[in-house]
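Here's the letter readout for the chains.
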Amino acid sequence: MSRTHRLVVAVAAAGLLASACGGPRQDGTTRATPMIMPAAGRAPAAGPAGPAAPPRSSPVSPSASARASAPGPTPLASIGTGERAVSVLALNGYVEWGGTDPKVSWVGEFEKTTGCKVGLRFYDPSRDDGASVPAPSSFDVISATPVIAGRLIAEGKVAPLNTALLHGYGKIPKRLRELPAEDGQVYGVPYLWGLNQVLYDSGEVDPDGADAVFADEGPVMFRDSPLSLADAALVLKDRGARIKDPFRLTPEQLDAAAELFDKPGRRLFWSDPIEVVKGFAAGSVRLAQGTPYHRDVLSRGGRPVRAVGDRPVTGWADLWMVSARAAHPSCAYRWLDWTGSADVQRQAAAWNGAAPANSGACTGRARRVCTAYRMGEPDAFRGVYFAERPADYDRWIDRWSQIAG
């Protein structure tokens, strides 16, 4: 393949993913003021949208001692007539109002149907820097990664849910409904989920297993997150280590997982999904931690990228949660109902390239995404270790900072 052709493929594939992920967010809308995390070493700045954003990671399972310091919030008993407003704090791309693309909006219909005016803010949780999660008074509902969800629960900043008030909750598969539960209480409604795979360029390398991404001389690309240590832990488990859950490691197991990254060769780290597409599309990466959607996009772009093996793998599920101090609880529950619907999740899945929690969303533009993730199939979740917040997550952050710098 000529260099010109490779560049054409790279641009085409990268453009395809950017389109599906919503592309760069545009500032200056009347509905949303994006909130961007500061560079490492800088203090978070509070802008016109409110307090600074929480950090990125991806997990859920706070310790009992962390929750015992204060009485917990209680579920809402019933939904009232509505407060005519709801404050939404969302991950980038998880709520579209027509500002990025006039044809992509699922906010206006919610306002029209419920009478709840949406105050929308975004955050980009791209850094695991240990910053605190938002104050519960700063939002009514929040879309949370598993790590953020775990901290919100542990710190009593979100309320347990009365799922009987959520009409579509029963349509979410039981495996996903179990994820945000703690002590018999449900704290979040699953929205989008995904899983991690080791991808490889079949024209360059023929790996035997997932451990190849650690052994290959490179260039290889790793997801820039402390939770990549869980993927390394699965390799140790496959080699015979007594690891039951890759997100619950002893200090010795965590150190052993970190050592897998300490190999000679070229190591790259990605935080934006488009970097994986560009790397494979340009032929500059041999192996990478990626997702089924990466593989599908590259396949459509003509690249011979495949996934190593099948399961087990790590995964994640992002949730919608209600603040423990929600000023607009009735509209908050209406928002959870709305975002749990098949129609909204269909749009969100197609826009973000992640699988919807509601299998009824797997039609139209979301069909291809659902196929990539096997959504709706009996084995969709087989062998998937869904992320949860490790009890010693600060240690995970520290070990990852030594790896990725």
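I will try to describe carefully the structure that is included in this document. Predicted model only: the values in this text are computed from it and were never measured. (Residues numbered from 1 in each chain as written. Predicted model: local features only at pLDDT ≥ 70, side-chain atom pairs only at ≥ 80, totals over all residues. Heavy atoms only, no water.)

### Things to note about the overall build of the protein chain
Logical step 1: Along the backbone of the protein chain there are 14 helices and 15 strands.
Logical step 2: Looking at the 405 residues of the protein chain, the share that counts as buried comes to 53%.
Logical step 3: Accessible surface computed for the protein chain: about 17,200 Å², of which carbon and sulfur atoms make up 49%. (Helix = DSSP H or I, 4+ residues; strand = E, 2+ residues; numbered from the N terminus. Buried < 20%, exposed > 50% of the residue type's maximum accessible area, 1.4 Å probe, protein only. Areas by Shrake-Rupley, 256 points an atom, 1.4 Å probe, with all protein chains shown as cover.)

### Some points on the packing of helix H8 (residues 251-259) against helix H14 (residues 393-404)
Logical step 1: Orientation of H8 relative to H14, taken along the N-to-C sense of each, is 20 degrees, at an axis distance of 10 Å. Judged by the angle between their axes, H8 and H14 are roughly parallel. Crossing of H8 against H14: the hand is right-handed. Counted together, Pro 251, Leu 254, Asp 255 and Ala 258 of H8 and Arg 395, Trp 396, Arg 399 and Ile 403 of H14 form the full contact between these two elements.
Logical step 2: Classifying every residue of the contact of H8 with H14 by side-chain character gives five nonpolar, no polar and three charged. (Axes fitted to C-alpha atoms, helices over the stretch in contact; angles between N-to-C directions. Parallel < 35°, antiparallel > 145°, perpendicular 65-115°, else oblique. Left-handed = near helix turned anticlockwise from the far one by under 90°. Contact = heavy atoms within 4.5 Å. Nonpolar A, V, L, I, M, F, W, Y, C, P; charged D, E, K, R; others polar.)

### Observations concerning the sheet that holds strand E12 (residues 305-307)
The pairing of strands in a sheet happens through backbone hydrogen bonds and is either parallel or antiparallel.
Logical step 1: The sheet built from five strands is open, its strands ordered E10-E9-E11-E8-E12 with mixed pairing. The open sheet has two free edges, formed respectively by strand E10 (267-270) and E12, since each of these has just one partner strand. Put simply, the sheet's adjacent strands are angled 30 degrees from each other on average, direction ignored.
Logical step 2: Judged from the three bridges that link them, strand E8 (residues 197-201) and E12 form a sheet pairing that is antiparallel. Paired with Leu 199 across the strands is Ala 307, a residue of E12. (Pairing = 2+ DSSP bridges.)

### Comments concerning the pattern of salt bridges
Logical step 1: Using the criterion set out here, one finds 15 salt bridges in the structure.
Logical step 2: Put simply, Arg 286 and Asp 216 hold a salt bridge, and the shortest N to O gap is 2.9 Å. Taken together, the positions of Arg 286 in the loop between helix H9 (273-281) and strand E11 (287-290) and Asp 216 in the loop between helix H6 (212-215) and strand E9 (220-223) put the pair 70 residues apart, joining distant regions of the chain.
Logical step 3: According to the relative accessible area criterion, Arg 286 is buried, its value standing at 18%.
Logical step 4: Three or more residues are tied together by salt bridges with common partners; here these are Arg 151, Glu 155 and Lys 157. (Salt bridge = Lys/Arg side-chain N within 4 Å of Asp/Glu carboxyl O.)

### Quick notes on the layout of surface pockets
Logical step 1: A volume near 400 Å³ is recorded for the second largest pocket.
Logical step 2: Val 198, Ala 210, Asp 211, Val 235 and Pro 312 are, among the 22 residues lining the second largest pocket, the residues nearest its centre.
Logical step 3: Elements supplying a minimum of two residues to the lining of the second largest pocket: E8, H6, helix H7 (228-238) and strand E13 (313-322).
Logical step 4: Ranked by residue count, the leading element in the lining of the second largest pocket is H7, at four residues.
Logical step 5: Its residues placed into classes, the lining of the second largest pocket shows nine nonpolar, six polar and seven charged. (1 Å grid on protein atoms, 1.4 Å probe; cavity = no way out; pocket = protein on both sides within 12 Å on 5 of 7 lines; lining within 4 Å. Points joined across faces, edges and corners; volume = space filled by probe spheres on them.)

### Some points on the state of the cysteines
Logical step 1: Under the criterion given, the structure shown has two disulfides.
Logical step 2: The disulfide that involves Cys 116 links it to Cys 331, with 2.0 Å between the sulfurs. Looking down the S-S bond of the Cys 116 and Cys 331 bridge, the torsion is -80 degrees, so its handedness is left-handed. Remark: Cys 331 occurs in helix H11 (residues 329-339) and Cys 116 occurs in the loop between helix H3 (108-114) and strand E3 (117-124); sequence separation between them is 215 residues. Assigned by exposure class, Cys 116 and Cys 331 land together as buried.
Logical step 3: When the cysteines engaged in disulfides are numbered in sequence order, the protein chain pairs them as 1-2, 3-4. (Disulfide = S-S within 2.5 Å.)

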